[in-house]
Amino acid sequence: MSEKLFIFDTTLRDGEQVPGCQLNTVEKIEVARALEELGVDIIEAGFPISSPGDFNSVREISKAVTHPTICALTRAVQKDIDVAADALSLAKHKRIHTGIGVSESHIYYKLKSNPEEIIERAVAAVKHAKKYVEDVEFYAEDAGRADNEYLARVVEAVIAAGATVVNIPDTTGYCLPLQYGKKIKYLMEHVSNIDKAIISTHCHNDLGMATANTLEGIINGARQAEVTINGIGERAGNTSLEEVVMALRCHKHLNVDTGINSKLITSTSRMVSSMMNMPVQANKAIVGRNAFAHSSGIHQDGVLKNRESYEIIDPVDVGLDESVIALTARSGRAALSHRLELLGYKLEHEELDKVYKKFLELADQKKDIRDDDLLYLVGATTGEKISKRIQLKYLQILTGTLIPTATVILKIGDSERTATSTGNGPVDAAVKAIKSLINESVMITEFLIQAMNKGSDDVGRVHVQLKCGSMLVHGFSANTDVVKAAVEAFVDALNLINATEKKETK
Ligand code: KIV
Ligand code: ZN
């Protein structure tokens, strides 16, 4: 049985300190709920004394989330602790996170104090927090640059005062993995009451070492890791949750695991990225757009033969459907054929050759070939061969200030049928009219309209994904009339599932 590593997520506190990433309370609750589903153990919800907004967020998150412990940050100041306790009053499981600087630079310059007084203030803060909550975490700010012997004295004193968790932050992201690991080891070996508390890592990424340092901390005895989604945080950010979780899953011999539901990693990452307006770099480990994308022909061939040739994580485990074979001018037929199959096209040799030739021509002009480009290529190349059982013969839409109404005539096999329907918009009206003429129950699971270039006279590309039972198909069309393109794309997708005509009932 592996040992438990507690995941302390500080996306909503340290992550939210990034300029431009501020969320309102409603958004914070949404993120907190996603973190709860992801399975984090502790959510640091804010720094209540810092603003009424932070106070309110901690209070509302305390009400909205039940499983994880809700944590509030304070300085080693009584008033901060009183306000944090108030903000946490409705939480089912609550923790106060208090602390003070322990490096020479913090003690003498920032706090204008001395080492003995810092220990007294640390102990007083923990004792004060303990009056409100059982679960008190102490942070030894800038522990990364602090003297280990002094740090051990601080840690021993706060544990004696009642701290249940002691956080050893590398606040400035200064440590090398070996140094940080040795620091944790030193504490594990020299603090007499260390068994009474959990040691926590909190690493910043200024030298790109945050995840490595966190793992060294864990290897040397830390059993809580403080992390953020996508590694967001001040300056170069914090340790990223997804990297720690997946590194431990990949290296089972470390015998430490988290309770994180890794299948929700991608969706949580995307949610945080879009809410906080913080794009994830394409090559970011685990959650970057290219993290599972293979572009060289040799790699693509290897992955198609056996995923493990070039992948240490199954993308499905982090919530992606599968690895992306990025199609470029260096891709081979196997990669193209594989991608087309996923899009619902199984092409035979000659046909595949034709599409491949066109694909190479396009790939020479365009760096990144996307699914809709492929669908366009397949349409253009095999258009005559793929029999379109369903054809859109007529489309008329009334919209504007009227209730959007669409009339369609479809040719299904040999017969022509007409239907009229209203909807909440022109596309919805047309789709409803078409659905009334076919037998299958289909659901639009993706609908994308993109301008090809710029300007009101531009061509709009529409990509529709339809679900019919367990089958997923993609339809595509491009037209200067985006409504027409949308309806054509829908019909295009229907053809791939061979939808049949609905028989008239009397
Ligand atoms: O980096 C740091 O030291 C912190 C503390 C406030 C925990 O974020
Ligand atoms: Zn921090």
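Here goes a summary of the coordinates provided. (Residues numbered from 1 in each chain as written. Chains lettered and ligands numbered in written order. Predicted model: local features only at pLDDT ≥ 70, side-chain atom pairs only at ≥ 80, totals over all residues. Heavy atoms only, no water.)

1. A short note on the overall build of the protein
Right, so step 1: Along its length, the protein carries 16 helices and 18 strands.
Right, so step 2: Reported as C-alpha extents along the three principal axes, the dimensions of the protein are approximately 90 × 55 × 45 Å.
Right, so step 3: For the protein, buried positions account for 51% of its 506 residues.
Right, so step 4: Relative to all contacts within the protein whose residues are 6 or more apart in sequence, the contacts with residues 24 or more apart total 65%.
Right, so step 5: When the accessible surface of the protein is split by element, carbon and sulfur atoms take 51% of a total near 23600 Å². (Helix = DSSP H or I, 4+ residues; strand = E, 2+ residues; numbered from the N terminus. Buried < 20%, exposed > 50% of the residue type's maximum accessible area, 1.4 Å probe, protein only. Contact = heavy atoms within 4.5 Å. Areas by Shrake-Rupley, 256 points an atom, 1.4 Å probe, with all protein chains shown as cover.)

2. Structural notes on the site of ligand 1
Right, so step 1: Taken together, Arg13, Asp14, His97, Tyr139, Glu141, Asn167, Pro169, Thr171, His202 and His204 are the residues near ligand 1.
Right, so step 2: Here Asp14 contributes a side-chain N or O atom positioned 3.1 Å from an oxygen atom of ligand 1.
Right, so step 3: Contact distances for ligand 1 include 2.7 Å between an oxygen atom and a side-chain N or O atom of Thr171.
Right, so step 4: Protein chains shield 93% of the accessible area of ligand 1, which is 260 Å² for the free molecule.
Right, so step 5: Secondary structure elements with two or more residues in the shell around ligand 1: β6 (135-141) and β7 (165-170).
Right, so step 6: Broken down by class, the residue content of the shell around ligand 1 amounts to two nonpolar, five polar and three charged. (Near = heavy atom within 4 Å. Polar contact = N/O pair within 3.5 Å; in protein donor to acceptor, adjacent residues only side chain to side chain. Nonpolar A, V, L, I, M, F, W, Y, C, P; charged D, E, K, R; others polar.)

3. Quick notes on a nonpolar patch on the surface
Right, so step 1: Judged by side-chain polarity, Ile444, Phe447, Ile449 and Val482 come together as a nonpolar surface patch covering roughly 280 Å² of accessible area.
Right, so step 2: Counting residues per element, the nonpolar patch draws most heavily on strand β16 (residues 443-451), at three residues.
Right, so step 3: Assignment of secondary structure puts Ile444 in strand β16. (Patch = residues over 30% accessible without salt bridge, like charges linked within 9 Å, V, L, I, M, F, W, Y side chains within 5 Å. Salt bridge = Lys/Arg side-chain N within 4 Å of Asp/Glu carboxyl O.)

4. Section: the side chain of Thr201
Right, so step 1: On the secondary structure map, Thr201 appears in strand β8 (residues 198-203).
Right, so step 2: On the accessibility criterion, Thr201 (0% relative accessible area) is buried.
Right, so step 3: Other than its neighbours up to four places away in sequence, Thr201 contacts Asn167, Tyr180, Thr214, Gly217, Ala222, Gln224, Ala225 and Glu226.

5. Examining the nonpolar core
Right, so step 1: Counting residues in hydrophobic clusters, the biggest one holds 93 residues, and the most contacted among them are Val102, Phe138, Val155, Val166 and Ile168.
Right, so step 2: Per element, the largest residue contribution to this core is eight residues, and it comes from helix α6 (residues 148-160).
Right, so step 3: If sequence neighbours within four positions are ignored, Val102 has contacts with Ile107, Ile118, Ala140, Glu141, Asp142, Ala143, Ala146, Tyr150, Leu151 and Val154.
Right, so step 4: Listed in part, the 29 residues of the second largest apolar core include Ile438, Ala486, Ala493 and Leu494. (Core = buried A, V, L, I, M, F, W, Y, C linked by side-chain atoms within 4.5 Å.)

6. A word on the environment of Asp54
Right, so step 1: With respect to the element layout, Asp54 can be found in helix α2 (residues 52-64).
Right, so step 2: Along the primary structure Asp54 and Leu23 are separated by 31 residues, whereas in three dimensions their C-alpha atoms are 10.0 Å apart.
Right, so step 3: Ignoring sequence-local partners within four residues, the contact set of Asp54 consists of Glu16, Lys28, Gly46, Phe47 and Pro48.

7. Some words on the layout of surface pockets
Right, so step 1: Reported here for the second largest pocket is a volume of approximately 470 Å³.
Right, so step 2: Along its surface, the second largest pocket is lined by 25 residues, and Arg13, Leu73, Lys110, Tyr139 and Glu141 are the ones closest to its centre.
Right, so step 3: Breaking the lining of the second largest pocket down by element, the ones donating at least two residues are β5 (94-101), β6 and β7.
Right, so step 4: Top element by residues in the lining of the second largest pocket is β5. It accounts for four residues.
Right, so step 5: The residue inventory of the lining of the second largest pocket, partitioned by class, reads eight nonpolar, nine polar and eight charged. (1 Å grid on protein atoms, 1.4 Å probe; cavity = no way out; pocket = protein on both sides within 12 Å on 5 of 7 lines; lining within 4 Å. Points joined across faces, edges and corners; volume = space filled by probe spheres on them.)

8. With respect to the pairing of strand β9 (residues 224-227)
Right, so step 1: Burial along β9 is two-sided: Gln224 and Glu226 and Ala225 and Val227, pointing in opposite directions, are all buried.
Right, so step 2: For strand β2 (residues 6-9) and β9, the ladder comprises four bridges, and the chain directions are parallel. In the strand pairing of β9, Ile7 is matched with Ala225.
Right, so step 3: Between β8 and its parallel partner β9, the chain crosses via helix α8 (residues 210-219), and the hand of that crossover is right-handed. (Pairing = 2+ DSSP bridges. Right-handed = clockwise from strand over helix to strand, strands pointing away.)

9. Looking at the pattern of salt bridges
Right, so step 1: The tally for this structure, following the rule as stated, stands at 26 salt bridges.
Right, so step 2: Notably, a salt bridge pairs Glu60 with Lys63, separated by 3.2 Å at the nearest N-O pair. On the criterion of helical spacing, the pair formed by Glu60 and Lys63 is a turn pair, its members being three residues apart in helix α2.
Right, so step 3: Glu117 is the salt-bridge partner of Arg121, the closest N and O atoms lying 3.9 Å from each other. Of the two residues, Arg121 and Glu117 both sit in helix α5 (residues 115-130), four residues apart, roughly one turn of that helix.
Right, so step 4: Given a relative accessible area of 31%, Arg121 falls into the partly exposed group.
Right, so step 5: Ionic contacts of the salt-bridge type, sharing partners, join the residues Arg13, Asp14 and Glu44 into one network.

10. Digging into the pairing of β6
Right, so step 1: Along β6, seven of the seven residues are buried, which leaves the element largely enclosed by surrounding structure.
Right, so step 2: Going residue by residue along β6, you find Asp135, Glu137, Tyr139 and Glu141 tucked away on one face and Val136, Phe138 and Ala140 tucked away on the opposite face as well.
Right, so step 3: Here β5 pairs with β6 via seven bridges, running parallel. Note on β6: the bridge partner recorded for Gly101 is Glu141.
Right, so step 4: You can see the chain leave β6, run along α6 and come back into β7, and the turn it takes is right-handed.

11. Description of the packing of aromatic side chains
Right, so step 1: One pass over the full model with this rule turns up one aromatic pair.
Right, so step 2: Positioned above the aromatic ring of Phe6, the side-chain terminus of Lys4 is 5.4 Å from the ring centre. (Phe/Tyr/Trp six-rings, centres within 6.5 Å; stacked < 30°, edge-to-face > 60°. Lys NZ or Arg CZ within 6 Å of the ring centre and 35° of its normal.)

12. Brief notes about the coordination of the zinc ion (ligand 2)
Right, so step 1: Listed as protein donors to the zinc ion (ligand 2) are Asp14 (OD), His202 (NE2) and His204 (NE2); their distances from the metal cover 2.0 to 2.1 Å.
Right, so step 2: In primary sequence terms, the donor set of the zinc ion (ligand 2) follows D-x187-H-x1-H. Of this pair, Asp14 sits in the loop between β2 and α1 (25-38) while His202 is found in strand β8, placing the two residues 188 residues apart along the sequence. An identical accessibility class is assigned to Asp14 and His202; each is buried. (Donors = N, O, S within 2.8 Å, 3.2 Å for Na, K, Ca; no water.)

Interpretation in functional terms is not warranted from these geometric data alone.
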